[in-house]
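Secondary and tertiary structure notes
Listed here are the chains, written in short residue letters.
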Amino acid sequence: KFSPEGGTVTVSTTDEGSAVRIAVRDEGRGIPPEFLSRLFSPFEQASASDEFDLGGTGLGLSICREIVERHDGKISAESVGGRGSTFVVVLAKTASA
């Protein structure tokens, strides 16, 4: 929802031996650097107007983090303002006992 109309969202996977890395990159407006540390917190949005302009409550990334961490994975985000964002999930190939 943050990419411009006609923009591209790229999904890639990388084999990292005992884990797999899944990256999702968009061409949207990017995430302000001061907001990256709070990005996965419940009800956080970079702009209060996002909920009204683009819909949503600010729970999506918090839920993603919870699911990934319950599978002993890690989730992170990288962004350059005005040049898009990349979200990365790293999961073990086999479940831990």
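See above for the structure.
Attention in this report is confined to the structure presented alongside it.

Scoring rules and cut-offs
- Position numbers for residues count from 1 along each chain, tracking the sequence in the order it is written.
- For this predicted model, a pLDDT threshold of at least 70 governs which residues receive local features, and a threshold of 80 or more governs which side-chain atom pairs are given and counted, while totals over whole chains, interfaces and linings are taken from all residues.
- Side-chain measures were taken over the full set of non-hydrogen atoms in the model, leaving aside hydrogen atoms and water.
- Residues belong to a common nonpolar core when they are buried Ala, Val, Leu, Ile, Met, Phe, Trp, Tyr or Cys residues joined through side-chain atoms within 4.5 Å.
- Accessibility here uses a 1.4 Å probe with only protein chains present; expressed as a share of the type maximum, an area under 20% marks a residue as buried, one over 50% as exposed, and anything in between as partly exposed.
- Contacts between residues were defined by any pair of non-hydrogen atoms, one from each residue, lying within 4.5 Å.
- Being paired, for any two strands, means DSSP has found at least two bridges between them.
- Numbering of helices and strands starts at the N terminus; helices are DSSP runs of H or I of at least 4 residues and strands are runs of E of at least 2.
- Here, axes are lines fitted to C-alpha atoms. For helices the fit covers the stretch in contact, and angles between N-to-C directions go from 0 to 180 degrees.

1. Some words on the nonpolar core
- Core analysis: the largest hydrophobic core is formed by eight residues, namely I31, F35, L39, F40, V68, I75, A77 and V89.
- Other than its neighbours up to four places away in sequence, V89 contacts V20, R21, I22, V68, K74 and I75.

2. Quick look at the pairing of strand β4 (residues 85-92)
- Bridging between strand β2 (residues 19-25) and β4 involves seven bridges; their strand directions are antiparallel. Counted as the bridge partner of V20 is L91 from β4.
- With six bridges connecting them, strand β3 (residues 74-79) and β4 associate as antiparallel partners. Within the sheet, the bridge partner assigned to E78 lies in β4 and is T86.
- Connecting β3 to the antiparallel partner β4 that follows it, the hairpin turn spans five residues, and G82 within it adopts a positive phi of roughly 75°.

3. Section: the sheet that holds β4
- Taken together, four strands build an open sheet; the order of strands is β1-β2-β4-β3 and the sheet is antiparallel. At either end of the open sheet lies a strand with only one pairing partner, and these are β1 (10-15) and β3. Across the sheet, the mean angle from the axis of one strand to that of its neighbour is 20°, orientation sign disregarded.
- Set on the sheet, helix α2 (residues 60-70) makes contact with β3 and β4; between it and β3 the angle comes to about 140°.

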